[in-house]
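Residue-level listing of the chains:
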Amino acid sequence: MILASTWIMLLSTLRDRAALLMSFVLPPLLFMVFAAIFSGTAGSDLKLKIGVIDAVGNDTSVRLVRALEAEHSFRFIILKSGDEAALSDFVRRGMADAGLLIRGDPRRRPDEGPPPLLLIEDTARPLAASIALGQVMRTLNEKLPDVALSRILADVEASGAIGKDEREFLNEAFRAHAAEGASFSFSNVIAHGVVGQSGKTGNGNLLNYAGAVVAVFLLFAGVHGALTLLDERANGVAERLAIGAETFDPTVAGKLLYLTAQGTLQAVIVFATAYIIYGASFMPSRTGLWLTSCILAAAAASALALLMCTACRSRKQAETLTTFGVLLLSAVGGSMVPRYLMPPWLQDVGWFTPNAWIIRAFELAIQPAGGIEELALPWGVLLLIGLVCTTAAAWLSSRRTAY
Amino acid sequence: MTIGTKRTAEEAEPVAELRNIRAAYGKNPVLSDLSLTLRSGEIFVLMGPNGAGKTTLVRVLIGRLKPVKGSIFGACANQSSSSAVRLVPQDIALFPLLSARENCIAFAKMVGADWRQALSLADHALELTGCKDIASTLVGGLSGGFRRRVNIAVALVGNPRLLILDEPTVGIDAEAKSLITQTINALKETGISILIVTHDFDDADSLADRAGFLFDGRLIRVGAPRDLLSAVFENKKCIEIVLSSLPEQVEQQQLRLLGATPSRSAMIWETFQDLGDKHPAYILMLNDASLPIKEIKISDPGLGALYRHLGGNNPT
C-alpha cells in the first residue's frame, strides 16, 4: 500500500500543472528574487540612492563630493542647489533613500559651529541612513584623511597640548601628504577577513538564501501533497481502503516517501539555480553532506505538513491552518529574513521551527570546513521531527477515519 | 462476538452471514438483534429511512465497525486480512488525475496485488463493467455515468465475493442509470453476491432478488419482492391519484375516505384496492368525487409502496 500510495502521488503531481509549477518553478524563481534583494547579485552591490547638496562649494567640499561620486556602492544624486528643507523634501518624496547636506566646511573646527555634514534619514528607511553614514565616514577616512585629521588636531589644540601654530603646521603636513596619495595608518585600522564560501558573487550568502527558500517551499509543497489525505477522507477513498481499521494509516508513509523525494528534487533545483545563474557552488567533497541535508530537510518538512493536515477535519480548515503555520514558521525560522537581523529572543524562538534547523543543516553542510560531527545536531533534530510527525500523522489519520 | 467461517448449502451458497448483531457508536445503539444472510449470485436490496442504520450495517459488513454483540460468518469475518468484501461508496471515491485503468491498478496494489496481478485484475474489472474503451481516459474527464462504472470497477479488482453498492444510481441521468443497472446484472451472473443500499425504488424493483427493510436498527421485512408484496398487498392494485392542484381540506377528507394517503408528494395520493373486475366502476366513482384529478394510474404495488406501507417517508 505504501508504494502504491507513492505511485498515485507521483502520477497525480505529474498531471497537475499547478502542483508542478508550485513545486519546481516557483522555488527557483523566488530564490532568484531573494538572491537579487539580499545578496546584491542583480548588480554586484547594494545600490542605495543618496541625495547630496553641497551648500559650501569650497575645495574641501568639492573633494568630498567627488570622492562620494567615485563610490560604486551607492548612487549619489548631486543636487546643484538647495537647503535642508529642499533635501528633506527630496528624501520624503522617495527620490533618494537618504540625504547628505554639506552645510559647512568639513575642515572647520568643532567649536566653530554645528557638524558640517547633515545626514537626513527617512523614518521609513532607517537602514539606508545607517548604511550611508558608514559609507560617508569610510570615504572621509580613506579619501580625505587630512580633513578627518584636521578635526582631531582641533580637539588636541582645545585640550592645550598643542598651540595654533603647531596645529596649522601639522594640518599643512597632512594635506601635502594626502595630496601625494600617501596612505594614513589611522584609516587602515581594520582588515577584512572571510569565513565560509567566498567569491565574486558572495557564494555563502547565496547558498544560505537557497537553503532558506528551500525550507519554505518544502513546507508548502508538503502541505499541497498532504491535503490529498483530506480529499481521500472526504471522497470515500479512505473508507474504501478501510483506513481506520489499522492503528496507523499506511498511506501516510507512502505520501511521506513521495514528498521526501519531491522535496529533495526541489532542493536540488534551487541549488542548481544558484550554481547556473550565479555561479554559487560548494566544494565537491561536501556533496554527500549537502545531499543528506536535502533528504532530511525534505522528510522533516513533509512529515510536519502531513501532521498539520491530518490534525484538521476538512480541507478548508487545513488550508487556513497550514497557510498560517507555514508563514509563521518561515518568518520566525529565518526563511524570510535572516535570523541574525532578529532580536535575540526571536532568534531563540526560531530554534523551535524546522526552518531554522534546515537552514543550519545546509549552512554547515556547504561550508568548506567542519565534519559530520557538526551536522549531528541539525540532522538529529530533522530526523526526530520526521519520525515523530510521521508516526503522529499516521495514527491521527487512522483515528480520523475510524468509527 | 464470535467470528469464524461457516459454509452451508441452502438455496444458494451463503457468502456472508450476520447473526443477532448489535452495533453501537459509543453508548448509542444503532443495530439491534439483526440477522442477515447474503448469498452468492443474488442481488439483495436494502431500504430504510435515513438514520435507520443502513450505513452502520454496511460498516459492520466491511469490517469498519465491530459489533458489540452477535456473530459474523463467511466473507465478512476477519475483514482486515481479506479482500472478500468491497464497498462502492455513494461518492466517486477515485483519483481524478489517474486514468480508469490506473485507478484500478492503484486499488489492486493497495489490496496487496503485485504489478502483474494488478494489471490483469484491472483489465478484468474494466471489461466486466464495460469500461474497456475508456480505460486510458483520466477519471476527471469522464461523464457521470462512466465515473460510476469505474467506481464499481475499482471495487472489483480484488475479486470480492460480496460487493456492496451504496446508492449506485444517485445523481445520474436515465441512460447512465440503465447502463449501471445492466452492469450490476452482468456482475450478478459472475456469481458474486451484491448488496445494494438505495432509496431508488425503481432500482429496487428492477434489480432485487431479495429485499430487506431496515427501520430503527431492525430488519423488519426480508424476502423475495414477490413474497413480501403478496404478504402485504395480496391481490390489491396500487391506485395512484395524481392531482392538478393541492387538495383543500374537504378534498383531503374525501381522499382519506377512499382509503388514499399522500404518496410521493402532496399532489400524488395512493390507495391499495382489490378491484377484481370493478376497475371501471372505481374510476367512475373517483371522477364523481369532484376532486382536481389530473391522472389515475393503476399498477401492481412495488417495493416503494411497501416501504411507505411500513411507515417510511418518501426519501426523494
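Residues numbered from 1 in each chain as written. Chains lettered and ligands numbered in written order. Predicted model: local features only at pLDDT ≥ 70, side-chain atom pairs only at ≥ 80, totals over all residues. Heavy atoms only, no water.

Undergrad: What exactly am I supposed to notice about the overall build of chain B here?
TA: When helices and strands are counted, chain B shows ten helices and 14 strands. Taken along the three principal axes of its C-alpha coordinates, chain B extends 70 × 45 × 35 Å. Residues counted as buried form 53% of the 316 residues belonging to chain B. Considering only residue pairs separated by 6 or more positions, chain B has 70% of its internal contacts joining residues 24 or more positions apart. If you sum the accessible surface of chain B, you get close to 14,500 Å²; carbon and sulfur atoms cover 47% of it. Side chains of chain B give 34 positive and 34 negative charges; the mean places of these two sets differ by 9 Å. (Helix = DSSP H or I, 4+ residues; strand = E, 2+ residues; numbered from the N terminus. Buried < 20%, exposed > 50% of the residue type's maximum accessible area, 1.4 Å probe, protein only. Contact = heavy atoms within 4.5 Å. Areas by Shrake-Rupley, 256 points an atom, 1.4 Å probe, with all protein chains shown as cover. Lys, Arg positive; Asp, Glu negative; His and termini not counted. Charge placed at Lys NZ, Arg CZ, Asp CG, Glu CD.)

Undergrad: Help me understand the overall build of chain A, please; the structure alone is not making it clear to me.
TA: Regarding its fold elements, chain A presents 15 helices and four strands. Here the C-alpha radius of gyration of chain A, 29 Å, is well above what a compact globule of 403 residues would show, namely 22 Å. By principal-axis analysis of the C-alpha atoms, chain A measures approximately 100 × 45 × 35 Å. Expressed as a percentage of the 403 residues in chain A, the buried residues total 48%. When the accessible surface of chain A is summed, it comes to about 19,500 Å², and 63% of that surface belongs to carbon and sulfur atoms. In chain A, the 33 positive side-chain charges and the 34 negative ones have mean positions that sit 9 Å from each other. (Rg over C-alpha atoms; globule rule 2.2 N^0.38 Å.)

Undergrad: Before we go on, may I ask you to explain the pattern of salt bridges in this structure?
TA: Pairs can form between side chains of opposite charge whenever their charged atoms are close. Residues and elements named next belong to chain A. Tallied over the full model, the rule gives 23 salt bridges over all chains. Its salt-bridge partner being R107, residue D146 comes within 2.4 Å of it at the nearest N-O pair. Here R107 lies in the loop between β3 (98-102) and β4 (117-121) and D146 lies in helix α6 (residues 145-158), a separation of 39 residues in the sequence. With respect to burial, D146 and R107 carry one shared label: buried. Put simply, R138 and E142 hold a salt bridge, and the shortest N to O gap is 3.4 Å. (Salt bridge = Lys/Arg side-chain N within 4 Å of Asp/Glu carboxyl O.)

Undergrad: Explanation requested: the sheet that holds strand β4 (residues 43-47) of chain B in the structure shown.
TA: Note: strands within a sheet are paired through backbone hydrogen bonds, in either parallel or antiparallel orientation. All names here are of chain B. Spatially, six strands are ordered β6-β7-β8-β4-β9-β10 in an open sheet, and the strand pairing comes out mixed. Edge positions in the sheet fall to β6 (85-88) and β10 (218-223), since each of these pairs with one other strand and no more. The sheet shows a mean angle of 20° between the axes of neighbouring strands, direction not considered. The pairing of β6 with strand β7 (residues 162-166) spans four bridges and is classified as parallel. Each residue of the ladder has a partner; that of R86, found in β7, is L163. Of the strands in this sheet, β6 and β7 touch helix α4 (residues 144-156), which is tilted by about 165° from β6. (Pairing = 2+ DSSP bridges. Axes fitted to C-alpha atoms, helices over the stretch in contact; angles between N-to-C directions.)

Undergrad: For this particular structure, what's the right way to read helix α3 (residues 115-128) of chain B?
TA: One turn of an α-helix holds 3.6 residues; hence residues three or four places apart share an orientation. Residue and element names in this part refer to chain B. Taking 1.5 Å per residue, 14 residues should reach 20 Å; α3 reaches 20 Å between its end C-alpha atoms and fits that length. For α3, every residue scored as buried is listed here: A118, L121, A122, A125 and L126. Relative to the axis of α3, the buried residues are bounded by an arc of 130° and lie together on one face. Along α3, exposed side chains directed more than 90 degrees from the buried face belong to R116 and E127. Regarding α3, its N-cap is D114, as a side-chain oxygen of that residue lies 3.2 Å from the backbone nitrogen of R116 further along. Once α3 finishes, G130 follows within two positions and takes phi at roughly 70°, a positive value. (Expected span 1.5 Å × (residues − 1). Arc of directions from axis to C-beta. Polar contact = N/O pair within 3.5 Å; in protein donor to acceptor, adjacent residues only side chain to side chain.)

Undergrad: It is not clear to me how the confidence of the model for chain A should be interpreted in this structure. Could you clarify?
TA: Should pLDDT be low for a region, the predicted coordinates there are not to be read in detail. Considering every residue of chain A, the mean pLDDT works out to 87; 94% of them sit at 70 or more. When mean pLDDT is taken per element in chain A, helix α11 (residues 287-310) of chain A scores highest with 96 and helix α9 (residues 237-240) of chain A scores lowest with 81. (pLDDT = per-residue confidence, 0-100.)

Undergrad: Any chance you could explain the sheet that holds strand β1 (residues 48-54) of chain A here in plain terms?
TA: Residue and element names in this part refer to chain A. Read across the sheet, four strands follow the order β2-β1-β3-β4 without closing on themselves; strand pairing throughout is mixed. Of all strands in the sheet, those bounded by a partner on one side alone are β2 (74-79) and β4. Each adjacent strand pair in this sheet contributes to an overall mean axis angle of 25°, direction not counted. Here six bridges tie β1 to β2, and the two strands are oriented parallel to one another. Within β2, the position partnered with K49 by the bridge is R75. Its contacts with the sheet place helix α4 (residues 84-92) against β1, β2, β3 and β4, and it is angled at close to 165° to β3.

Undergrad: Would you take a moment to explain the packing of α11 of chain A against helix α12 (residues 315-333) of chain A for this structure?
TA: A pair of packed helices is captured by two measures, namely the crossing angle of their axes and the spacing between those axes. Residues and elements named next belong to chain A. Viewed as axis vectors pointing N to C, α11 and α12 meet at an angle of 145°, and their least axial separation amounts to 9 Å. Relative to α12, the crossing made by α11 is right-handed. Where α11 approaches α12, its residues L304, M308 and C309 are matched on the opposing element by A318, L321, T322, V326 and L329. Taken together, the residues that form the contact of α11 with α12 break down as seven nonpolar, one polar and no charged. (Left-handed = near helix turned anticlockwise from the far one by under 90°. Nonpolar A, V, L, I, M, F, W, Y, C, P; charged D, E, K, R; others polar.)

Undergrad: What's the story with the packing of α11 of chain A against helix α14 (residues 354-366) of chain A in this structure? I'm lost.
TA: Residues and elements named next belong to chain A. Between α11 and α14, the least distance of the axes is 9 Å, while the angle of their chain directions is 175°. Taken together, the axes of α11 and α14 are roughly antiparallel relative to one another. Counted together, L289, W290, S293, C294, A297 and L304 of α11 and P354, I358, A361, F362, A365 and I366 of α14 form the full contact between these two elements. Split by residue class, the contact of α11 with α14 holds eleven nonpolar, one polar and no charged. (Parallel < 35°, antiparallel > 145°, perpendicular 65-115°, else oblique.)

Undergrad: Just to check I follow, could you spell out the domain arrangement of chain B for this structure?
TA: Put simply, an interface is often sized by how much accessible area is lost when its parts join up. Partitioning chain B into structural domains gives domain 1 (9-229) and domain 2 (237-300). Its C-alpha centre places domain 1 of chain B at a distance of 38 Å from the equivalent point of domain 2 of chain B. (Domains from an automatic or database assignment.)

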